[in-house]
Amino acid sequence: MQKDVCIIGAGMAGLCAGTYLQMNGYRTRIFELHKLPGGLCTSWKRKGYTFDGCIHYLVGSSPPHSYYKFWNELIDMSAIDWVDHETILDIDVPGPEGRTIFHFYSDIDRQEQYMKELAPEDSKMIDRMSAAARLLQKHEFPPASERPSELATIVDWLGWLTVVPILPTLIGWGGTSNFQFADKLKNPILKTVFERIFEGEEFPMLILSMQQAWFDARIAGYPVGGSLAFAQRFADRFESMGGEIEYGAKVEEILVEGDRAVGLRLSDGTEHRCEDVISAADGHFTLFG
């Protein structure tokens, strides 16, 4: 006998939970407030352009990165056209002699050469940055496990031993912010670039090095069609396995009997009974709304 599960929200979490439940023999229904799937993973088109509200790049867009296997459990990754951008970011730097457009290239060697031509006086710091990216490229971080942490075995946890060779880089680069890195630079243009590279916010240089490692290896591409088309693939897979999505369904209340969730009440007054309820909606809304 199939067990009924109600899921609140057809965002990525709700769609993935529903698909895995369908794989394991459950009867799953998702109730979504919006008329489209994806939740925060969305995009929209205007005047020939795609404006994306979510995915800038997707780690595991291609093998050999192990995350590709996890994505591929849920959708056919080979059916997606991926773009690996040559230039990841341009930064407009004003100066006394005019504007400079700084290019952040995906290729580590090209980026290193480009920065040294711009700021030869900062070659030592540029070498440190490039070396960190090349080292991280050789070691997958964080190490991927077949199971979530709640179900991890001792063998899974031993996978973290693979990061020992890069521990000094993780600690050193993780404790160095982009502003601290900029303070050590002599070239005024390069200094401004690293102060602005995270839109003026302070972040560890480790994040930048990891991104550079992924982009160079071409394992962090952008899906053609944008986030909404990507999310739609998950919704299609879920429904192809017999899952049901009810759009325009605002959940007003989680029905509780004897300290156990037994179903949902929608804003139109209809009740939907089930044996388990999963809220993949906003946590604050779930608890207080």
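In this report, we go over the structure that sits alongside the text. In this text, all values refer to a predicted model and were calculated from it rather than measured experimentally. (Residues numbered from 1 in each chain as written. Predicted model: local features only at pLDDT ≥ 70, side-chain atom pairs only at ≥ 80, totals over all residues. Heavy atoms only, no water.)

## Considerations on the nonpolar core
Judged by nonpolar contacts, the single largest core of 35 residues is most densely connected at Phe102, Met115, Met129, Phe181, Leu190, Phe194 and Leu208. Of all elements in the fold, only β7 (87-93), β8 (100-105), α3 (108-118), α4 (123-138), α6 (167-174), α7 (178-183), α8 (188-196) and α9 (205-217) reach the threshold of two or more residues within this core. The leading source of residues in this core is α9, at seven residues. In this view, Met129 contacts Phe104, Met115, Trp173, Phe181, Phe194, Met205, Leu208, Ser209 and Gln212; residues no more than four positions away in its chain are not counted. The next biggest cluster of nonpolar side chains, apart from the first, holds 23 residues, and it includes Val5, Met12, Leu21 and Ile245. (Core = buried A, V, L, I, M, F, W, Y, C linked by side-chain atoms within 4.5 Å. Buried < 20%, exposed > 50% of the residue type's maximum accessible area, 1.4 Å probe, protein only. Helix = DSSP H or I, 4+ residues; strand = E, 2+ residues; numbered from the N terminus. Contact = heavy atoms within 4.5 Å.)

## Thoughts on the packing of aromatic side chains
Enumeration according to the criterion identifies 13 aromatic pairs in this entry. A centroid spacing of 5.0 Å and a plane angle of 85° characterise the contact between Tyr57 and Phe215, whose relative ring orientation is edge-to-face. With Tyr57 in the loop between β4 (49-52) and β5 (58-59) and Phe215 in helix α9, this pair connects stretches of sequence that are 158 residues apart. Given a relative accessible area of 7%, Phe215 falls into the buried group. Arranged with centres 5.9 Å apart and planes meeting at 85°, the rings of Trp173 and Phe181 form a pair that is edge-to-face. On the basis of relative accessible area, Trp173 is assigned to the buried category, the value being 4%. Members of the aromatic cluster, joined through ring pairs, are Trp71, Trp82, Phe230 and Phe234. Taking the ring centre of Tyr105 as reference, the NZ or CZ of Arg110 above it sits at 3.8 Å. (Phe/Tyr/Trp six-rings, centres within 6.5 Å; stacked < 30°, edge-to-face > 60°. Lys NZ or Arg CZ within 6 Å of the ring centre and 35° of its normal.)

## What about unusual backbone geometry?
Cis geometry marks the peptide bond from Pro63 to Pro64, where omega comes out at 15°. Structurally, the position occupied by Pro64 is in the loop between β5 and α2 (67-74). Backbone geometry at Arg218 places phi at a positive 60°, although glycine is not the residue there. Turning to its location among the elements, Arg218 is positioned in the loop between α9 and β9 (220-223). By relative accessible area, which is 46% here, Arg218 ends up partly exposed.

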